[in-house]
Amino acid sequence: MLSISQFIGCCLLFACTTGSTENQHSGDNNMAAASPSSAKARHFAGAISNGMKGDSLFFDLSADGSKLDNLTFKGYWRCSGKLESTRVGPEGSFKVLNGKVNDHISEPPNGGSTAWRFDLDATIKGNTAAGTFRMNINNLGCDTYVLKWTAAAR
């Protein structure tokens, strides 16, 4: 028979040795994800061609190619007439269908006067991707306007 302290110790040991094998990350850090199949999630890093110098876009594509998440924009946008540097992205994921994304994420989901909107149009082929991105908060006068990007898997 186990004592209460031995039982709690076993529970803590079990809790510490089980859990997710996926690495959490943000932005342009490398990603390693465990997958039961030979396919692995891929991290893409890209450049903006019609924005400010150094503007970039990052995201992860799930191992099965059905989900794009961890989208991060790093660069400049206009807010209330001023140019501001930012690094931000939505918490949600975009659904990928036949290698394409043409959708938006609003945060909060029900919108509101100061809701963030992330618009993404993407075509993903193998280890390359291209498309457009726009991020805005209408009521605050913040907008990247439509940006063209290309990206490659790392």
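None of these values were measured; they are calculated from a predicted model.

Quick look at the overall build of the protein chain
Assigned secondary structure in the protein chain consists of one helix and 10 strands. For the protein chain, the α and β elements follow one another from N to C terminus as α-β-β-β-β-β-β-β-β-β-β. Here the protein chain holds 154 residues, and the buried ones make up 32% of them. Looking at the protein chain alone, contacts between residues at least 24 apart form 39% of all its contacts between residues at least 6 apart.

Quick word on the packing of aromatic side chains
The geometry of an aromatic ring pair comes down to the distance between the two centres and the angle between the two planes. Summed over the entire model, instances satisfying the criterion amount to five aromatic pairs. Ring geometry for W77 versus W116: centroids 5.4 Å apart, planes at 25°, classification stacked. Of this pair, W77 sits in strand β3 (residues 67-79) while W116 sits in strand β7 (residues 116-125), and the two are 39 residues apart along the sequence. Look at W77 and you get buried, because its relative accessible area is 5%.

Description of the environment of F58
By the element assignment, F58 lies in strand β2 (residues 56-61). Overall, the relative accessible area of 5% leaves F58 in the buried class.

Some thoughts on the pattern of salt bridges
Applying the stated criterion to the full structure yields three salt bridges. Measuring nitrogen to oxygen at the nearest pair gives 3.8 Å for the salt bridge that ties K67 to D69. Classification of D69 by relative accessible area gives buried; the value is 19%.

Observations regarding unusual backbone geometry
Cis geometry is adopted by the peptide bond preceding P108, which originates at E107 and carries an omega value of 0°. Looking at where P108 falls in the secondary structure, it is placed in the loop between β6 (100-107) and β7.

What to know about the confidence of the model for the protein chain
Mean pLDDT over the protein chain: 81, with 75% of residues reaching 70 or higher. Here residues 1-37 is a poorly scored stretch, pLDDT under 50, and it has 26 contacts once near neighbours within four places are set aside; other chains count.

What about the nonpolar core?
Counting 27 residues, the largest nonpolar core has F59, L68, L120, F133 and W149 as the members making the most contacts within it. Residue assignment for this core shows that the elements contributing at least two residues are β1 (42-48), β2, β3, β6, β7, β8 (128-137) and β10 (147-153). Considering every element that reaches this core, the biggest residue donor is β3, with five residues. Sequence-distant contacts of L120, that is, excluding residues within four places in its chain, are made with L68, L71, F94, V101, N102, D103, T132, F133 and W149.

Some points on the pairing of strand β4 (residues 82-88)
The pairing of β3 with β4 spans seven bridges and is antiparallel. The residue bridging W77 from the neighbouring strand is E84, located in β4. Counting the residues in the hairpin turn of β3 and β4 gives two residues, including S80, whose phi is positive at 50°.

Structural notes on the state of the cysteines
The term disulfide refers to a covalent linkage connecting the sulfur atoms of a pair of cysteines. All told, the structure shown has one disulfide when counted by the stated rule. Each sulfur in the disulfide pair C79 and C142 lies 2.1 Å from the other. One disulfide, between C79 and C142, carries an S-S torsion of 120° and so falls in the right-handed class. Here the residue C79 occupies a position in strand β3, and C142 occupies one in strand β9 (residues 142-143), the gap between them amounting to 63 residues. With respect to class, C79 is no different from C142; both count as buried.

What counts, and at which threshold
- Residues numbered from 1 in each chain as written.
- Predicted model: local features only at pLDDT ≥ 70, side-chain atom pairs only at ≥ 80, totals over all residues.
- Heavy atoms only, no water.
- Helix = DSSP H or I, 4+ residues; strand = E, 2+ residues; numbered from the N terminus.
- Buried < 20%, exposed > 50% of the residue type's maximum accessible area, 1.4 Å probe, protein only.
- Contact = heavy atoms within 4.5 Å.
- Phe/Tyr/Trp six-rings, centres within 6.5 Å; stacked < 30°, edge-to-face > 60°.
- Salt bridge = Lys/Arg side-chain N within 4 Å of Asp/Glu carboxyl O.
- pLDDT = per-residue confidence, 0-100.
- Core = buried A, V, L, I, M, F, W, Y, C linked by side-chain atoms within 4.5 Å.
- Pairing = 2+ DSSP bridges.
- Disulfide = S-S within 2.5 Å.

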